[in-house]
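# Understanding the architecture of this molecule
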Amino acid sequence: MQKIIEELAAQVDASLAGVTSSESLAAFWQEYLSKNGKVPGLMKQLRTVPKEERPAAGKIINEFKGKVEAEYEAAAARIKAEELAARNTAEAVDITLPAKLRNAGSLHPITLVKQEIIDIFAGMGFAVYEAPEIDDDAHNFTRLNVPKDHPARDMQDTFYLSGDLLLRTQTSNGQIRAMDEMRPPIKILSPGRVFRSDSDATHSPMFHQMEGLVVDKGITLCDLQGMLDKLVQALFGEGTRTRLRPSYFPFTEPSVEVDVSCFECGGCGCSLCKGTGWIEVLGGGVVNRRVLANCNIDPDEYSGFAFGIGIERIAMLKYGINNMGLLFENDLRFLKQFQE
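Residues numbered from 1 in each chain as written. Predicted model: local features only at pLDDT ≥ 70, side-chain atom pairs only at ≥ 80, totals over all residues. Heavy atoms only, no water.

To continue, consider the overall build of the protein chain. For the protein chain, the helix and strand inventory stands at eleven helices and ten strands. Taken along the three principal axes of its C-alpha coordinates, the protein chain extends 120 × 50 × 35 Å. Here the protein chain, with 340 residues, has 42% of them falling under the buried criterion. In the protein chain, the share of contacts with a sequence separation of at least 24, taken over all contacts with a separation of at least 6, comes to 65%. Put simply, the protein chain shows about 18,700 Å² of open surface, and 53% of that area lies on carbon and sulfur atoms. Placing the 37 positive and 47 negative side-chain charges of the protein chain at their respective mean positions leaves the two points 6 Å apart. (Helix = DSSP H or I, 4+ residues; strand = E, 2+ residues; numbered from the N terminus. Buried < 20%, exposed > 50% of the residue type's maximum accessible area, 1.4 Å probe, protein only. Contact = heavy atoms within 4.5 Å. Areas by Shrake-Rupley, 256 points an atom, 1.4 Å probe, with all protein chains shown as cover. Lys, Arg positive; Asp, Glu negative; His and termini not counted. Charge placed at Lys NZ, Arg CZ, Asp CG, Glu CD.)

Laid out in structure tokens, this is it:
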């Protein structure tokens, strides 16, 4: 038995010397240490050893098996380290090479203006209220005092979907939903996308508005102008003033168009303000009594004001953009000009 072990040990040493990869290591295990390998097979030969010598022979076999397993573990560790080093070498990156330059992203000008307006109104206690882009006729028109046969509907080319559903033409649907869900005092902004069948250099079939609504006791048109003064001064500069002109909206009475003094020429007259010294920026007014009543708010106890801001309009004025299409083309040469 001793002689058999010595011969097998010589084979093991020779085989281990030729182990240079995970594949050859696996082959070594299969030949010598697997269940049917040569080393475990020594135990089967104990039957040929005299009975009195078997304990000593079994001890020798176990010691030999332990030695071979230890040599295998050492070889496995060596192979693992060598392969890891080879992989690290192959995957090494030459840090002296010039880096790939990637353009830094930036917020879209519409997003910048939207966030700026929200920040301004948040400082005045307004909360943001999200209304759905797909709504029914009642929330978009009828409960805003625009009945089926009202001529104001002709001012808005509407995308109808099916039945009573449509793509909202204004964020004013947020007024109705907010007054349905809340009781006065109410002070909310409702920003979002709106949709109308209109497209040219200054109009898009999809654009962004921000609706503002305040409902409480004793609210007047003076409150609207005072709040808008703060808005335009924050947007366009401390010296900017507002001017209210009579207008018509079915959901406000009285209704006004709001102009700001030209921040380019200081009101002296230039190409931006077309020589008038004033620029139209938004519309608003005192919430119509019928709209309050449609939302179960007593118009004899409460009043309010509402306004709608076109975010593209403000962005074009603020950044000197002369074509609304530029806001939707995603041209990096245009967008990178707004990196902060």
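The structure having been displayed, the exposition proceeds.
Scanning the entire structure with this criterion turns up zero disulfides. Here Cys270 is not disulfide-linked; the sulfur of Cys262 is the nearest cysteine sulfur, at 3.6 Å. (Disulfide = S-S within 2.5 Å.)

Turning next to the pairing of strand E10 (residues 303–310). Most of E10 is tucked away: six of the eight residues are buried. Inspection of the sheet shows strand E6 (residues 206–216) paired to E10 by eight bridges, in the antiparallel sense. Bridge pairing in E10 links Leu213 to Ala306. The pairing of strand E9 (residues 278–287) with E10 spans five bridges and is antiparallel. Looking at the pairing, Leu282 lines up with Ile309 of E10. (Pairing = 2+ DSSP bridges.)

Quick look at the packing of aromatic side chains now. With the rule as written, the count across this model stands at ten aromatic pairs. Ring geometry for Phe334 against Phe338: centres 5.1 Å apart, planes inclined by 65 degrees, an arrangement best described as edge-to-face. This pair shows no difference in class: Phe334 is buried, exactly as Phe338 is. An aromatic cluster is built from Phe28, Trp29, Tyr32 and Tyr72, whose rings are joined through pairwise contacts. (Phe/Tyr/Trp six-rings, centres within 6.5 Å; stacked < 30°, edge-to-face > 60°.)

So, about the pattern of salt bridges. Under the definition given, this model contains 14 salt bridges. We note a salt bridge from Arg245 to Glu280, for which the minimum N-O separation is 3.5 Å. Separated by 35 residues along the polypeptide, Arg245 in strand E7 (residues 242–249) and Glu280 in strand E9 bring together distant segments of the chain. With a relative accessible area of 40%, Glu280 lands in the partly exposed category. For the salt bridge of Asp331 with Arg333, the shortest nitrogen-to-oxygen distance reads 2.8 Å. Taking the relative accessible area as the measure of exposure, Asp331 reaches 23% and is therefore partly exposed. The class of Arg333 is exposed, set by a relative accessible area of 62%. If you follow the salt bridges from partner to partner, you end up with Arg243, Arg245, Asp259 and Glu280 in one network. (Salt bridge = Lys/Arg side-chain N within 4 Å of Asp/Glu carboxyl O.)

What follows covers the pairing of E7. Of the pairings in the sheet, the one linking E7 to strand E8 (residues 252–261) comprises seven bridges and is antiparallel in character. Residue Ser247 lies in a different strand from E8, and its bridge partner there is Ser255. In textbook terms, the turn of a hairpin is the stretch between consecutive antiparallel strands, and for E7 and E8 this stretch comprises two residues.

For the rest of this paragraph, the subject is the packing of helix H1 (residues 2–17) against helix H4 (residues 54–90). The N-to-C vectors of H1 and H4 enclose an angle of 0 degrees; their axes lie 11 Å apart at closest approach. In this view, H1 runs roughly parallel relative to H4, as classed from their interaxial angle. Taking contact as the criterion, the partners of Gln2, Ile5, Leu8, Ala9, Val12, Asp13 and Leu16 in H1 are, on H4, Ile60, Ile61, Phe64, Val68, Glu71, Ala75 and Arg78. In the contact of H1 with H4, the residues fall into ten nonpolar, one polar and three charged. (Axes fitted to C-alpha atoms, helices over the stretch in contact; angles between N-to-C directions. Parallel < 35°, antiparallel > 145°, perpendicular 65-115°, else oblique. Nonpolar A, V, L, I, M, F, W, Y, C, P; charged D, E, K, R; others polar.)

The subject of this paragraph is the packing of helix H5 (residues 109–122) against helix H10 (residues 311–319). Interhelical geometry of H5 versus H10 gives an angle of 100 degrees and a closest axis separation of 9 Å. Relative to H10, the element H5 is oriented roughly perpendicular. Contacts between H5 and H10 involve Pro109, Ile110, Leu112, Val113, Lys114 and Glu116 from the first element and Ile311, Glu312, Ile314, Ala315, Lys318 and Tyr319 from the second.

Strand order in the open sheet formed by three strands is E2-E4-E3, with antiparallel pairing between adjacent strands. Each end of this open sheet is capped by a strand with a single partner; those strands are strand E2 (134–136) and strand E3 (160–162). Strand-to-strand twist of the sheet, defined as the mean angle between neighbouring strand axes without regard to direction, takes the value 40 degrees. Pairing geometry for E2 and strand E4 (residues 165–167), over three bridges, is antiparallel. Note on E4: the bridge partner recorded for Asp136 is Leu165.

What follows is about the sheet that holds E6. Strand order in this open sheet of seven strands is E1-E5-E6-E10-E9-E8-E7, and the pairing throughout is mixed. This sheet does not close on itself; its edge strands, each paired only once, are strand E1 (127–128) and E7. Direction of pairing for E1 relative to strand E5 (residues 186–195): parallel, over a ladder of two bridges. When the sheet's bridge partners are listed, Val128 is paired in E5 with Leu189.

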